[in-house]
Every structure is written in structure tokens, then in C-alpha cells.
Amino acid sequence: MHQTAGDKIAQTINYTLLALLAASCVVPFLYVISISLTPISEVIKRDGLVIIPTNITWTAYKEIMQGGRLLDAYQVTLFRVIVGTLLNLAFTVLTALPLSRKGLPGRSGILLFIVFTMLFSGGIIPSYLLVKQVGLLNSSWSLVIPGLINAFYLMIVKSFFEQLPEAIDEAARIDGAGEFSILYKIVLPLSVPIIATIGLFYAVWHWNSYFDALLYINDAAKQPVQLFLRQILLASVAISGDAAEAANSVNPISVQMASVVVTTLPILVVYPFIQKHFTRGVLLGSVKG
């Protein structure tokens, strides 16, 4: 296909803008990694602008991993992310599917109550008292059960289910399939994009959450990685002393950046494998609502 001079100029502009956009995403994360690997003396010498470290040190990561508590915190976080996300998806799908059926008795009232929870909540103190009353305080399940269903995600999945042809369900019922057979053999295979998308949303929420753990978890051995790293950041000391003394101290900025890397890297590793489903799910789930 022959390109005119205008097409070439437009293509050059597009590539330039895309390159700048990519750089705006990559350079900050590269900066974070570089600072986490740079001694405090070099950070001061280069006025904090370190993109490519010349003198690499792992002191900040050793500081985070002292005592083996990071591994314990990761175990709690992985339990929360894996078990919590699976339960979130199960309860969200099992609630959204019947609500997508227009013949469900009391459907409008149920949807009204669900939308109401998107606008109003009981607050922190009632939530804490409820968790304490049911015996979940200082338990890993207190990080999973109170947030089993997100009302907004539920509405997205419901909207997606409403787009599925009703003729498929009717044909399956004529063949003798029950509700769970229809869900397992028909609905779920057709809903992989939206399930992957909502699953990613739930997983990222579980991974990044720390405030509920701050409220419900008192035992240090049961704290997730986000709360553990928060304590590391609060315990880091301010930079002080001369350059020679600073060179032998732990750079609190490096500790902060190392914490960002430790908490962000797992999500960055998982995301490329579900990016295709994520993109399709966002578009499909937003057609109706």
C-alpha cells in the first residue's frame, strides 16, 4: 500500500507519541528499581536522580527480608489472594446468574438492596464489631469473608450474563440439563473473559489491601505482606550524618522503593498471561449496565 507524505508524517507522530507514552510508564518503574538498588551515598551524590545504578547494593532487600517475616507475610497474602479470589468469583457468579434472569421473583428489590450498598455502608466501627462478634477477629478469614461480593463487580457480571442468548439455556433445559449443568457447561465457558477480568480486579484488591488487616489482625505472624511492609516503612530512619556515615546506613528511600518492587512485581508477572481476557472482559461487561 502506497503511503503519501501526509501518511508518513502521521505515522511518525503516532509512533513518537506511543514511544513517549511507553516511556512515561517504564521510566518511573525503572527509577523505583534503580533507587532500591542504589546506596544512599550515590543517591545523595546524584541528587536523587538515579535511572541506571552504577554501584548496586542489596541492602534494602536484605532489610526487608530480615527474620524471615516477609515469607510468612507472603504466605498470608497468597492465601488471601488465591482463596479469596476463588471465593469472590464463586459467590459473585452464583449471585449474578439468577439476578440476570428477568423471571426471578423479587429481582427488582434484590437489585435495589445491592445498589444501596454501593452508595452507603455501615462504617468502620460496625464492621469491626460484626467481625469480632462472629469470631473472625485475628483470623485470616477476616480478610476474605467480609468482602466476598463486590456490588459493582456483581453488576458487571450480571450485565454480561444478560447478553448471553436465552435460547441456549432453553435448549439445554429441553435436553434435561439442570441449573448447575447449564452454569458449568454453558455459562462459564462463554464467560471466560469477564471472569478473568473480575478475577484480576479481585486479586489486585486483595493484594493491595492492608487497612482491613490493620483493623482485624493483631498477631504479627498473621499479617499480610502489605501490612508488614508498611511497618518496615514506618520503622525506617531518616537520612542523617555525613556522606561517609550515610554510606554505611540503610537508605530509607531505598527501603521504600524495594517495598514497591516487592509488592508490585508479582502482579506484573501475572498480568501478561490474562491481558487478552482482561481487555475483552472490560469491553463485553460495559455494553449494558
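Now for a description of the structure that goes with this document. Everything numeric here is computed off the predicted structure, so don't read it as measured data. One numbering rule holds for all chains: residues counted from 1, following each sequence as written. With pLDDT at 70 or above as the cut-off, local features in this predicted model cover only qualifying residues; side-chain atom pairs require 80 or more to be listed or tallied, and sums for whole chains, interfaces and linings still use all residues. Only heavy atoms go into the side-chain values, all of them from the structure, while hydrogens and water stay out.

## With respect to the overall build of the chain
The helix and strand tally for the chain stands at 14 helices and zero strands. Only protein chains enter the accessibility calculation, which uses a 1.4 Å probe. A residue is then buried if its area is under 20% of the maximum for its type, exposed if over 50%, and partly exposed in between. Residue burial in the chain is summarised as follows: out of 289 residues, 35% are buried. For the chain, contacts bridging at least 24 residues in sequence account for 73% of all contacts bridging at least 6. The secondary structure listing takes helices from DSSP runs of H or I that are at least 4 residues long and strands from runs of E that are at least 2 residues long, numbered from the N terminus. By the convention used here, residues are in contact when the closest approach between their heavy atoms is within 4.5 Å.

## With respect to a nonpolar patch on the surface
A surface patch of nonpolar side chains, amounting to about 630 Å² of accessible area, comprises V115, F116, M118, L119, F120 and F152. Among the elements that line the nonpolar patch, the one with the most residues is helix α5 (residues 107-119), at four residues. For F116, the location among the structural elements is in helix α5. A residue is classified by how much of its surface remains accessible, and F116, at 48% relative accessible area, is partly exposed. Distance thresholds for patches are 9 Å for like charges and 5 Å for nonpolar side chains (Val, Leu, Ile, Met, Phe, Trp, Tyr), applied to residues having over 30% relative accessible area and no salt bridge. In short, Shrake-Rupley with a 1.4 Å probe defines the accessible areas, and a residue's cover is counted only from the protein chains shown. Whenever Lys or Arg places a side-chain nitrogen within 4 Å of a carboxyl oxygen from Asp or Glu, that contact is recorded as a salt bridge.

## Quick look at the pattern of salt bridges
According to the stated counting rule, one finds three salt bridges in the structure shown. Where K158 meets E162, a salt bridge forms, and the shortest distance between an N and an O atom there is 2.8 Å. Within this pair, K158 and its partner E162 are both found in helix α7 (residues 151-163), separated by four residues, close to a single helical turn. Exposure remark for K158: the relative accessible area of 7% places this residue in the buried category. Given a relative accessible area of 22%, E162 falls into the partly exposed group. Where salt bridges share partners, they join R107, K158 and E162 into one cluster.

## Considering the side chain of R107
Tracing the backbone shows R107 in helix α5. A 3.5 Å cut-off defines polar contacts: any pair of N or O atoms within that distance qualifies, except that in protein one atom must be a possible hydrogen donor and the other a possible acceptor, and neighbouring residues in sequence count only when both atoms are side-chain atoms. A polar contact of 2.6 Å, which involves the side chain of R107, links it to the side chain of E162. Ignoring sequence-local partners within four residues, the contact set of R107 consists of L99, S100, R101, K102, K158 and E162.

## A short note on the packing of aromatic side chains
Each Phe, Tyr or Trp ring, with Trp reduced to its six-membered ring, pairs with another whose centre is within 6.5 Å; inter-plane angles below 30 degrees give stacked pairs, above 60 give edge-to-face pairs, and intermediate values give tilted ones. This model, assessed by the stated rule, comprises nine aromatic pairs. On the basis of an interplanar angle of 45 degrees and a centroid distance of 5.8 Å, the ring pair of Y74 and W207 is categorised as tilted. With a gap of 133 residues between them, Y74 in helix α4 (residues 69-99) and W207 in helix α10 (residues 192-208) connect regions that are remote in the sequence. By relative accessible area, W207 is classed as buried at 4%. Residues F152 and Y153 carry aromatic rings whose centres are separated by 6.1 Å and whose planes lie at 55 degrees to one another, so their mutual orientation is tilted. The structure contains a cluster of three or more aromatic residues connected by ring pairs, namely F152, Y153, F201 and Y202. Lysine and arginine charges are scored as sitting over a ring when NZ or CZ, respectively, is within 6 Å of the ring centre and within 35 degrees of the ring normal. The ring of W205 has R80 sitting right over it, with the charged end atom 5.4 Å from the ring centre.

## A closer look at the side chain of T38
Residue position: T38 is located in the loop between α1 (5-36) and α2 (40-45). Within polar-contact distance, the side chain of T38 engages the backbone oxygen of S34 at 2.4 Å.

## Some points on the nonpolar core
Nonpolar cores were defined as sets of buried Ala, Val, Leu, Ile, Met, Phe, Trp, Tyr and Cys residues, with membership established by side-chain atoms within 4.5 Å. Ranked by size, the top nonpolar core spans 24 residues in total, and within it I114, V157, F161, V187, I194 and I198 carry the most contacts. If you list the elements that add at least two residues to this core, you get α4, α5, α7, α9 (179-190) and α10. Among the elements that line this core, the one with the most residues is α7, at eight residues. Formed by 23 residues, the second largest nonpolar core is a distinct cluster that contains V43, V225, M257 and A258.

## Looking at the packing of α4 against α10
Contact geometry of α4 with α10 gives a least axis separation of 9 Å together with a crossing angle of 145 degrees. The two elements α4 and α10 cross, and the hand of that crossing is right-handed. Of the residues in α10, those in contact with Y74, T77, L78, R80, V81, G84, T85, N88, L89 and T92 of α4 are I195, I198, G199, Y202, A203, W205, H206 and W207. For the contact of α4 with α10, the per-class residue count stands at ten nonpolar, seven polar and one charged. Interaxial angles span 0 to 180 degrees and are taken between N-to-C directions of axes, which are lines fitted to C-alpha atoms, for helices over the stretch in contact. The crossing is said to be left-handed when, going from far helix to near helix, the turn is anticlockwise and less than a right angle, and right-handed when the turn is clockwise. Basically, the charged four are Asp, Glu, Lys and Arg, the nonpolar ten are Ala, Val, Leu, Ile, Met, Phe, Trp, Tyr, Cys and Pro, and anything else, Gly included, counts as polar.

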